[in-house]
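Structural features, examined
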Amino acid sequence: MLEFLRAYKNYDPAAKSLLEIFFLYPGPRAIFIHRIAHFLYSIRLFFIARFVADITRTITGIEIHPGAQIGKRLVIDHGVGCVIGETAIIGDDCIIFHGVTLGGVKFDPVKRHPTVGNHVLIGTGAKILGPITIGDRSKIGANSVVMKDLPPDSVIVAARSEIISSK
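This text gives an overview of the structure that appears in the document.

Rules and cut-offs
- Residues numbered from 1 in each chain as written.
- Predicted model: local features only at pLDDT ≥ 70, side-chain atom pairs only at ≥ 80, totals over all residues.
- Heavy atoms only, no water.
- 1 Å grid on protein atoms, 1.4 Å probe; cavity = no way out; pocket = protein on both sides within 12 Å on 5 of 7 lines; lining within 4 Å.
- Points joined across faces, edges and corners; volume = space filled by probe spheres on them.
- Helix = DSSP H or I, 4+ residues; strand = E, 2+ residues; numbered from the N terminus.
- Core = buried A, V, L, I, M, F, W, Y, C linked by side-chain atoms within 4.5 Å.
- Buried < 20%, exposed > 50% of the residue type's maximum accessible area, 1.4 Å probe, protein only.
- Contact = heavy atoms within 4.5 Å.
- Expected span 1.5 Å × (residues − 1).
- Axes fitted to C-alpha atoms, helices over the stretch in contact; angles between N-to-C directions.
- Parallel < 35°, antiparallel > 145°, perpendicular 65-115°, else oblique.
- Left-handed = near helix turned anticlockwise from the far one by under 90°.
- Pairing = 2+ DSSP bridges.
- Polar contact = N/O pair within 3.5 Å; in protein donor to acceptor, adjacent residues only side chain to side chain.

Computed from the structure, the largest pocket encloses a volume of approximately 260 Å³. Forming the walls of the largest pocket are 18 residues, and the residues nearest its centre are Arg 50, Glu 63, His 65, Val 83 and Ile 84. Elements supplying a minimum of two residues to the lining of the largest pocket: helix H4 (46–60), strand E1 (63–64), strand E4 (83–84) and strand E7 (101–103). Per-element accounting of the lining of the largest pocket gives the leading share, 4 residues, to H4.

This is the structure:
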């Protein structure tokens, strides 16, 4: 737990103390409680796991399905509006900003959510959809929609804005 809180402290210069992070940041709270829900899910207490996850979503605005697998030191910055699906896998030392979706594109009971490698940064509002793989050390820009595998060390950005008219 201390290692996890230090990851947040190293990432966020606005964080004044580990206690502040633990009690006031929604990301650590969501991940900590997700670990409990994931354990309950792994021992097939599905209803209780979903109930715990639902309470967490209500409190933090971050929705993590109890079946999702999350690596060490995940930083969810701000977090409101994040959705992480049931079969999503997230590696170690990743950063996810608010409004990110790791979602599925079908309803079959198979692997239908992304696998995110280690040291990946996912920008605000990005949507990573389907059973794709995001390679280690990749960076996904704000509001990007990713539906194909990305090799390691990739950088992907949303379409560039263009001025249609100006006075």
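After that view, the rundown keeps rolling.
Attention shifts here to the nonpolar core. Formed by 35 residues in total, the largest nonpolar core has its most connected members in Leu 102, Ile 122, Ile 128 and Ile 134. At the level of secondary structure, the elements contributing two or more residues to this core comprise helix H1 (2–11), helix H3 (26–42), strand E3 (75–77) and strand E6 (95–97). Excluding residues within four positions of it along the chain, Ile 134 makes contact with Thr 115, Val 116, Gly 117, Val 120, Ile 128, Ile 140, Val 146 and Leu 150.

Across its 17 residues, H3 extends 24 Å between first and last C-alpha, which sits within 8% of the 24 Å expected from 1.5 Å per residue. After H3 finishes, the residue Arg 44 shows a positive phi value of roughly 70°.

Running from amino to carboxyl end, H1 crosses H3 at an angle of 155°, the nearest separation of the two axes being 11 Å. It follows that H1 is roughly antiparallel to H3 by the angle criterion. Relative to H3, H1 is oriented so that their crossing is right-handed. Of the residues in H3, those in contact with Phe 4, Leu 5 and Tyr 8 of H1 are Gly 27, Pro 28 and Ile 31.

It is worth spelling out unusual backbone geometry at this point. We note that Asp 93 has phi near 60°; this positive angle belongs to a residue other than glycine. Note on placement: Asp 93 falls in the loop between strand E5 (89–90) and E6. Of note in this structure, His 119 is not a glycine but carries a positive phi near 60°. Structurally, the position occupied by His 119 is in the loop between strand E8 (115–116) and strand E9 (121–122). By relative accessible area, His 119 is classed as partly exposed at 46%.

This part covers the sheet that holds E9. Pairing between the strands of a sheet is mediated by backbone hydrogen bonds and can be parallel or antiparallel. Across the sheet, which stays open at both edges, the 5 strands sit in the order E3-E6-E9-E12-E14 with parallel pairing between neighbours. In the strand order of this sheet, the two ends are held by E3 and strand E14 (155–156), each with one partner. Note: E3 against E6, 3 bridges, orientation parallel. Opposite Val 75, over in E6, you have Ile 95 as the bridge partner. Across the face of the sheet, H1 comes into contact with E3 and E6 while running at roughly 45° to E3.

Among the structural elements, Thr 60 can be located in helix H4. Using a relative accessible area of 5% as the deciding quantity, one classes Thr 60 as buried. Among the polar contacts made by the side chain of Thr 60, one reaches the main-chain carbonyl oxygen of Thr 56 at a distance of 2.8 Å. A polar contact is formed between the side chain of Thr 60 and the backbone nitrogen of Ile 62, at a distance of 3.1 Å. Contacts of Thr 60, omitting those with residues within four sequence positions, involve Pro 26, Arg 29, Ala 30 and Val 80.

The values reported here are purely geometric and, on their own, carry no functional implication.
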